[in-house]
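Coordinate inspection notes
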Amino acid sequence: MKILYVTKALLAPPHAGCMQRTTHIVRQLQRCCGDVTMLAVHGRFDPDSVSLCRHEFDRFDQVILKSYTAYPKPWGEVIRKFHMHWPTLCGLRADRQGQALFETLAAQHDVVWFHTLGAAQPFRLTPGARTVMDLDDLNHCKYEQSARIQPTLRFRLSAKMQAYKWKRLERNALRRFSAVVVCSPQDKLLLGGGDRIFVVPNGFDPPAEKPACRLPDPQRLGFISHLAYGPNRDGLMWFRDRVWPLIRREKPDMRLRIVGRIPPDVEVVSAEGFEYLGFIDDPTEEMQSWSAMIVPIPYGGGTRIKILDAFSKCCPVVATSIGAYGIEGQPGRHFLVADPPQQFADCCLRLSRQPEYGRRLAEEGWKLLLEKYTWDHIGHSIAAAANAVVSLSH
């Protein structure tokens, strides 16, 4: 089987969640199908990312899209807003050369696998083509949840319009594509279920040896985040404003250790006791010093890879219900879940004061990771989706 994999998310460190997903799915497709070509689609390519992809994947090509900034002012911004809110659009189209390359590659492969609607939007699809659409995050969920917490009527209306648009696009995906892939059984139900919707969860490869679950520093919590991503930043602000004062009132010396790259154009979320460590290539030792990793996500689609990362490091987790969404674990056994600020603070304080309880959570999280969320295990679901598309066409 020959597969053309089309994505807007390239392999590039530090690895964002979508980049991890695309990389591991391509690796699994190579393992089960053998012949995979990656086609990257974007308005601008980072040279390091392209170099990494060429080294990682045997066959790699790219289509460069016109940028909104290439239009005369103010038309680029007007077109961007139009594409953002119009119910049937999600980005710019490829030019003739890009469309021709896509058609040539598609004709040479048995299946075209798209990562997100944004990767398919630039191209005209041939009727009857065998296609897989990996929706990854369900954007309509993210915007529906975001609309509830927006501070102004304008932003609430904008989020609701986005939610309507993405719900329409995502629910129509089965009409446009042979099969649809989502991250969790809950997402499958949201799209109506059916045998052409496949669950391919996000995964995380554990280390070769299980990390030692040592006693943490009771004065440390931790957070892993790319703060340019809205749900991460807004979640950290909610934690700072609503939860952190409650924790510091009980434990004035408590610190929050924050791991992750901070883009130069993103303002740091500051508070007394917040310590920014930047990007760490292997944060295992750092995370094992935390009494808990917090996942205070207020809105979002898909599942949080940071929870699986914590499981792989034997670090206990405290999350909001949206933060833990889609992870098939049990609250109180694999992680703690809390939404009200006082309850979230109490969970953090409990793990600080009861490290043995945190160790039990970490042990169960490790077992769950090995049982359901390694990429080798998920590879069976990836192969099933690809094989189903081929069988549907016969």
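This one's a predicted model, so the numbers in the text were calculated from it and none came from an experiment.

Some remarks on the pattern of salt bridges
Considering all chains together, one arrives at 22 salt bridges under this definition. With its nearest N and O atoms 2.6 Å apart, the salt bridge here joins Arg80 to Glu77. Of the two residues, Arg80 and Glu77 both sit in helix H3 (residues 75-85), three residues apart, roughly one turn of that helix. Across the pair Arg248 and Glu272 runs a salt bridge, and its minimum N-O distance is 3.4 Å. Taken together, the residues Arg248 in helix H10 (residues 230-250) and Glu272 in the loop between strand S9 (255-259) and strand S10 (274-278) connect sequence positions 24 residues apart. The buried category is assigned to Arg248, whose relative accessible area is 17%. Through salt bridges with shared partners, one network takes in Asp217, Arg220, Arg255, Arg257, Glu275 and Glu286.

Looking at the pairing of strand S1 (residues 2-7)
The buried fraction of S1 amounts to five of the six residues, a majority that puts the element mostly inside the structure. The pairing of S1 with strand S2 (residues 35-42) spans six bridges and is parallel. Within S2, the residue paired with Tyr5 across the bridge is Met38. Looking at chain direction, S1 and strand S4 (residues 111-115) are connected through four bridges and run parallel. Residue pairing for S4: Val6 is matched across the bridge by Phe114.

About the criteria used
Residues numbered from 1 in each chain as written. Predicted model: local features only at pLDDT ≥ 70, side-chain atom pairs only at ≥ 80, totals over all residues. Heavy atoms only, no water. Salt bridge = Lys/Arg side-chain N within 4 Å of Asp/Glu carboxyl O. Helix = DSSP H or I, 4+ residues; strand = E, 2+ residues; numbered from the N terminus. Buried < 20%, exposed > 50% of the residue type's maximum accessible area, 1.4 Å probe, protein only. Pairing = 2+ DSSP bridges.

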